[in-house]
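One-letter residues, chain by chain:
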Amino acid sequence: MKLGLLARIEAKPEHADKVEALLRDAAALAEQEPHTITWYSFRQDAVTFGVFDTFADEQGRKEHLEGQIAAALVGVADTLLAAPPVIIPVDLLGTKVR
């Protein structure tokens, strides 16, 4: 794991439960991505969610950004989200896997 993505997703308050369900269901899509090494979705507060995922190389990260999870988020952005997702590419400096 050398590269990652950190995404911040802010739901409209009335749609927070739908965004949570979308992110829970997206785990199955992440399982189908051969170049996504790890994928985590999380909830920070009532309306703030996030995703953190890791990749071995830039090609894997690019494929993920062009994949079904990103398309699903773009597809609901106008309806369910308060703002477009903020997606930040990161370089991993260290990892610990049990």
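For the structure, check the block above.
This one's a predicted model, so the numbers in the text were calculated from it and none came from an experiment. The numbers attached to residues start from 1 for each chain and follow its sequence in the written order. Local features are withheld for residues below a pLDDT of 70 in this predicted model, meaning they are given only at 70 or higher, and side-chain atom pairs are given and counted only at 80 or more; totals for whole chains, interfaces and linings count all residues. Computation of side-chain values: all heavy atoms of the structure, hydrogens and water removed.

J.: Explanation requested: the overall build of the protein in the structure shown.
T.: Strands here are runs of E lasting at least two residues and helices are runs of H or I lasting at least four, both read from the DSSP assignment and numbered beginning at the N terminus. Per the secondary structure count, the protein includes three helices and four strands. Counted from the first residue to the last, the protein has its helices and strands arranged as β-α-β-β-α-α-β. Against the globule reference of 13 Å for 98 residues, the protein gives a C-alpha radius of gyration of 13 Å, in line with a compact fold. Expressed as lengths along the three principal axes of its C-alpha atoms, the size of the protein is roughly 35 × 25 × 20 Å. Relative accessibility under 20% of the residue-type maximum defines a buried residue, over 50% an exposed one, and the middle range a partly exposed one, all with a 1.4 Å probe and only protein chains included. In the protein, which comprises 98 residues, the proportion classed as buried is 35%. Contacts are assigned to residue pairs that have any heavy atoms within 4.5 Å of one another. Within the protein, contacts between residues at least 6 apart in sequence are counted, and of these 73% link residues at least 24 apart. One way to put it: in the protein the 10 positive side-chain charges average out to a point 5 Å from where the 15 negative ones average out. The atom set for the radius of gyration is the C-alpha atoms, and the globule formula is 2.2 Å times the number of residues raised to the power 0.38. The positive count covers Lys and Arg only, the negative count covers Asp and Glu only, and His and the chain ends enter neither. Charge placement uses NZ in Lys and CZ in Arg. For Asp and Glu, CG and CD serve respectively.

J.: Could you clarify how one ought to interpret the side chain of histidine 15 in this entry?
T.: Residue placement: histidine 15 occurs in the loop between strand E1 (3-10) and helix H1 (16-31). Those residues within four positions of histidine 15 in sequence are excluded, and the remaining contacts are Thr79 and Leu80.

J.: What is the right way to look at the sheet that holds E1 in this model?
T.: The strands making up a sheet are joined through hydrogen bonds of the backbone, oriented either antiparallel or parallel. Ordered by their spatial adjacency, four strands build an open sheet running E2-E3-E1-E4, and the pairing between neighbours is antiparallel. Edge strands, defined here as strands with exactly one partner in the open sheet, are strand E2 (36-43) and strand E4 (86-91). Strand-to-strand twist across the sheet, computed as the mean angle between neighbouring axes with direction ignored, equals 15 degrees. Should DSSP find at least two bridges between two strands, the strands are taken to pair. Pairing between E1 and strand E3 (residues 48-55): eight bridges, direction antiparallel. Residue leucine 6 lies in a different strand from E3, and its bridge partner there is phenylalanine 52. For every element, the axis is a line fit to its C-alpha atoms; helices are fit only across the contacting stretch, and the angle between N-to-C directions ranges from 0 to 180 degrees. Against the sheet, H1 contacts E1, E2 and E3, and its axis sits at roughly 165 degrees relative to E2. Most of the contacts of helix H2 (residues 58-65) go to E1, to which it runs at about 25 degrees, and overall it touches E1, E2, E3 and E4.

J.: Is there a simple way to explain the pattern of salt bridges in this structure?
T.: When their charged atoms lie close together, side chains carrying opposite charge are able to pair. Only one rule defines a salt bridge in this text: a Lys or Arg side-chain nitrogen within 4 Å of an Asp or Glu carboxyl oxygen. Counting across every chain of the model gives five salt bridges. A salt bridge links arginine 61 to glutamate 58, with the nearest nitrogen and oxygen atoms 2.7 Å apart. Of this pair, arginine 61 and glutamate 58 both sit in helix H2, three residues apart, roughly one helical turn. Of the charged contacts, one joins lysine 62 and glutamate 66 as a salt bridge, the two residues approaching to 3.2 Å between their closest N and O atoms. Looking at lysine 62, the relative accessible area reads 40%, which means it is partly exposed. You can call glutamate 66 exposed: its relative accessible area is 57%. Salt bridges here are not isolated pairs; linked through shared partners, they connect Glu20, Arg24 and Arg43.

J.: So what exactly am I meant to see when it comes to helix H3 (residues 68-80) here?
T.: Note: α-helices contain 3.6 residues per turn, so residues at a spacing of three or four share the same orientation. For H3, spanning 13 residues, the distance from its first C-alpha to its last is 17 Å, which sits close to the expected 18 Å at 1.5 Å a residue. Within H3 the residues assigned to the buried category are Ile69, Leu73, Val76, Ala77 and Leu80. Elements in contact with the buried residues of H3: E1, H1, E2 and H2. Given the number of residues in a helix, its expected span is that number minus one, multiplied by 1.5 Å.

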